[in-house]
Amino acid sequence: IGWLVFAEPLIVFIFGSSYAPAALTFQILMLSLFANFATVTLTNVCVAYNIQKKILIFSVFGLIANALLDVLFIPPWGGAGSAFSTLLVQTVIAALIWKEVQALQGQSFRPSLRKGTIASGIMAGSIYFASTFFDLHVMTLVAIGAILYFATLIAQKEDIFSEFTSLFRVKG
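Residues numbered from 1 in each chain as written. Predicted model: local features only at pLDDT ≥ 70, side-chain atom pairs only at ≥ 80, totals over all residues. Heavy atoms only, no water.

**Q** What am I meant to see in the pattern of salt bridges here?
**A** Where charged atoms from two side chains of opposite charge approach closely, those side chains can pair. Going through the model one piece at a time under the given rule, you end up with one salt bridge. With a closest N to O distance of 2.9 Å, Lys54 and Glu100 form a salt bridge. Residue classification places Lys54 among the partly exposed positions, given a relative accessible area of 35%. (Salt bridge = Lys/Arg side-chain N within 4 Å of Asp/Glu carboxyl O. Buried < 20%, exposed > 50% of the residue type's maximum accessible area, 1.4 Å probe, protein only.)

**Q** Got a minute to help me understand helix α2 (residues 7-15) in this structure?
**A** An α-helix turns once every 3.6 residues. As a result, residues three or four positions apart point the same way. Regarding α2, the residues found buried are Ala7, Leu10 and Ile11. The arc that holds every buried residue of α2, seen down its axis, measures 100 degrees, which confines them to one face. Phi for Gly16, located one or two positions after α2, is positive at around 105 degrees. (Helix = DSSP H or I, 4+ residues; strand = E, 2+ residues; numbered from the N terminus. Arc of directions from axis to C-beta.)

**Q** Can you help me understand the side chain of Asp70 in this one?
**A** Secondary-structure assignment places Asp70 in helix α4 (residues 52-105). Buried charge Asp70 goes without a salt bridge, the closest partner of opposite sign being Lys99 at 26 Å. Once residues within four sequence positions are removed from consideration, Asp70 is found in contact with Pro75, Ser82 and Ser85. (Lys, Arg positive; Asp, Glu negative; His and termini not counted. Contact = heavy atoms within 4.5 Å.)

**Q** Please explain the nonpolar core as it appears in this structure.
**A** Buried together is how nonpolar side chains tend to be arranged in soluble globular proteins. Judged by nonpolar contacts, the single largest core of 16 residues is most densely connected at Leu42, Cys46, Val89, Ile93, Ile97 and Val101. Among the elements that line this core, the one with the most residues is α4, at 10 residues. Setting aside residues no more than four positions away along its own chain, Ile93 makes contact with Thr39, Phe58, Phe61 and Gly62. With seven residues, the next largest nonpolar core counts Phe6, Ile127, Ala130 and Val138 among its residues. (Core = buried A, V, L, I, M, F, W, Y, C linked by side-chain atoms within 4.5 Å.)

**Q** Looking at this structure, I do not really get a nonpolar patch on the surface. What am I missing?
**A** Nonpolar side chains collect at one region of the surface, where Phe13, Ile14, Phe15, Tyr19 and Met139 lie side by side and expose about 550 Å² of accessible area between them. With three residues, α2 is the largest single contributor of residues to the nonpolar patch. Here Phe13 shows up in helix α2. (Patch = residues over 30% accessible without salt bridge, like charges linked within 9 Å, V, L, I, M, F, W, Y side chains within 5 Å. Areas by Shrake-Rupley, 256 points an atom, 1.4 Å probe, with all protein chains shown as cover.)

**Q** Looking at this structure, I do not really get unusual backbone geometry. What am I missing?
**A** The phi angle of most residues is negative, glycine excepted, and most peptide bonds adopt the trans form. In the Ramachandran plot, Asn50 falls in the positive-phi region, its phi being about 60 degrees despite a non-glycine side chain. Structurally, Asn50 can be placed in the loop between α3 (23-48) and α4.

**Q** Hey, could you run me through the confidence of the model for the protein in this one?
**A** Detailed reading of predicted coordinates is not advised where the pLDDT is low. Averaged over every residue, the pLDDT of the protein is 85; residues scoring 70 or more account for 93%. Taking the mean pLDDT of every element in the protein, the minimum, 73, falls on helix α7 (residues 159-166) and the maximum, 92, on α4. (pLDDT = per-residue confidence, 0-100.)

**Q** Is there a simple way to explain the packing of aromatic side chains in this structure?
**A** The description of two aromatic rings rests on the distance between their centres and on the angle between their planes. Tallied over the entire structure, the rule returns six aromatic pairs. Ring centres 5.7 Å apart and planes at 50 degrees place the aromatic pair Phe15 and Tyr19 in the tilted group. Since its relative accessible area comes to 52%, Phe15 is described here as exposed. Residue class for Tyr19 comes out partly exposed when judged on its relative accessible area of 48%. Judged by centre distance (4.8 Å) and plane angle (45 degrees), the rings of Phe129 and Phe133 are tilted. With a gap of four residues between them, Phe129 and Phe133 both fall in helix α5 (residues 110-133), about one helical turn apart. Overall, Phe129 belongs to the partly exposed group, its relative accessible area being 46%. In this structure an aromatic cluster arises from ring pairing among Phe73, Trp77 and Phe84. (Phe/Tyr/Trp six-rings, centres within 6.5 Å; stacked < 30°, edge-to-face > 60°.)

Right, here's the structure in full:
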């Protein structure tokens, strides 16, 4: 989410001001990562349940839909139009796969998303505030965002940290 807030300053910092117009396309593609992450994760669940044929059907649908939407969106909006069509199709596919997995498991995934959503909101709001009212370098904003995100997860006692550290514990 932080990339959405400071996409343009980051692109200008890395590539120069002539690339600033790419910020909108970058922001749209960053949003598509949410759907992409969900799709990859849920696809693994589908493979475990041996229903990967449905993934193939969804993928063919996505290929056709993305191509058709690109034909419609690229002429008026260029790269941002193509990025938007990708976001739209990936979100639909993620929703379809999500529905399949929930039908198999009979449970909702929403409770497990709460902590990350709260951390993302606090991080995004804070760096937006900091970038609006203070003249901070984009890399300082990145650092602030990362610290706030992880601090919020730690404050909420997110399990991922204990799971991660358990990988390095010596058993014996």
